[in-house]
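Chain and residue survey
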Amino acid sequence: ILRLAALLGRRLKKGIVYDILHDNELYVALDSRVQFITTDTVADIIKTLLKKKTSREVFNAGGVGTITPADVGVLAEKPVRVRDGATLQQYEMSTEKIRGVYNTLKTSEEYVKVFLEAKLLV
């Protein structure tokens, strides 16, 4: 079982980063803490787990640490709009176990940067 953090991917049409890039209002406060990972990394993790013949285990798959929507806005060079009544949310799960199997896991901030750089190339 893979428990996933917030996903970043080319064809995804929801989420904090998507909303910031499309000037949509967020439902979460600017200082919320969110963990991210790219869909490409999730695919690599799945391949790694299959090669190792891992079964009957639970792994948390997300970038190491968290990043705020405010910081995402700075990285994306976009203003971040927040809906009235936005709530403070904190999503961070331990990645220690998955790092024991997949040792090239990046930070949530690095995954956001990788995603934004790829979006600029499209």
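Look above for the structure.
Attention here is on the structure that accompanies the text. From a predicted model like this one, the values you see are computed outputs, not experimental measurements. (Residues numbered from 1 in each chain as written. Predicted model: local features only at pLDDT ≥ 70, side-chain atom pairs only at ≥ 80, totals over all residues. Heavy atoms only, no water.)

Re the overall build of the protein
- Check the secondary structure of the protein and you find 5 helices and 6 strands.
- From first element to last, N terminus to C terminus, the protein shows the α and β order β-β-α-β-β-α-β-α-β-α-α.
- Relative to the 2.2 N^0.38 estimate, which gives 14 Å for 122 residues, the radius of gyration of the protein is 15 Å and therefore close to what a compact globule would have.
- Counting only C-alpha atoms and orienting by the principal axes, one finds that the protein spans roughly 45 × 30 × 20 Å.
- Counting the 122 residues in the protein, one finds 35% classified as buried.
- Once local pairs closer than 6 in sequence are excluded, the contacts in the protein between residues at least 24 apart make up 88%.
- As displayed, the protein offers around 7800 Å² of accessible surface, 50% of which is attributable to carbon and sulfur atoms.
- Computed over 19 positive and 15 negative side-chain charges, the separation of the two mean positions in the protein equals 10 Å. (Helix = DSSP H or I, 4+ residues; strand = E, 2+ residues; numbered from the N terminus. Rg over C-alpha atoms; globule rule 2.2 N^0.38 Å. Buried < 20%, exposed > 50% of the residue type's maximum accessible area, 1.4 Å probe, protein only. Contact = heavy atoms within 4.5 Å. Areas by Shrake-Rupley, 256 points an atom, 1.4 Å probe, with all protein chains shown as cover. Lys, Arg positive; Asp, Glu negative; His and termini not counted. Charge placed at Lys NZ, Arg CZ, Asp CG, Glu CD.)

Some thoughts on the nonpolar core
- Counting 26 residues, the largest nonpolar core has F36, I37 and I45 as its most contacted members.
- Of all the elements in the fold, those that place two or more residues in this core are α1 (16–21), β3 (26–28), β4 (36–38), α2 (39–51), β5 (59–61), α3 (69–76) and α5 (108–121).
- Looking at this core element by element, the count peaks at 4 residues for α5. (Core = buried A, V, L, I, M, F, W, Y, C linked by side-chain atoms within 4.5 Å.)

Some thoughts on the environment of R56
- Tracing the sequence through the fold places R56 in the loop between α2 and β5.
- Sequence separation between R56 and K78 is 22 residues; the distance between their C-alpha atoms is 42 Å.

Thoughts on a nonpolar patch on the surface
- Together, L4, L7 and L12 make up an exposed nonpolar region whose accessible area comes to about 210 Å².
- Note that L7 resides in strand β2 (residues 6–8).
- Using a relative accessible area of 32% as the deciding quantity, one classes L7 as partly exposed. (Patch = residues over 30% accessible without salt bridge, like charges linked within 9 Å, V, L, I, M, F, W, Y side chains within 5 Å. Salt bridge = Lys/Arg side-chain N within 4 Å of Asp/Glu carboxyl O.)

Looking at the side chain of T68
- With respect to the helices and strands, T68 occurs in the loop between β5 and α3.
- For T68, a relative accessible area of 7% corresponds to the buried category.
- In this structure the side chain of T68 is engaged in a polar contact, spanning 3.0 Å, whose partner is the backbone nitrogen of D71.
- Those residues in contact with T68, other than ones at most four positions away along the chain, are L30, D31, S32 and R33. (Polar contact = N/O pair within 3.5 Å; in protein donor to acceptor, adjacent residues only side chain to side chain.)

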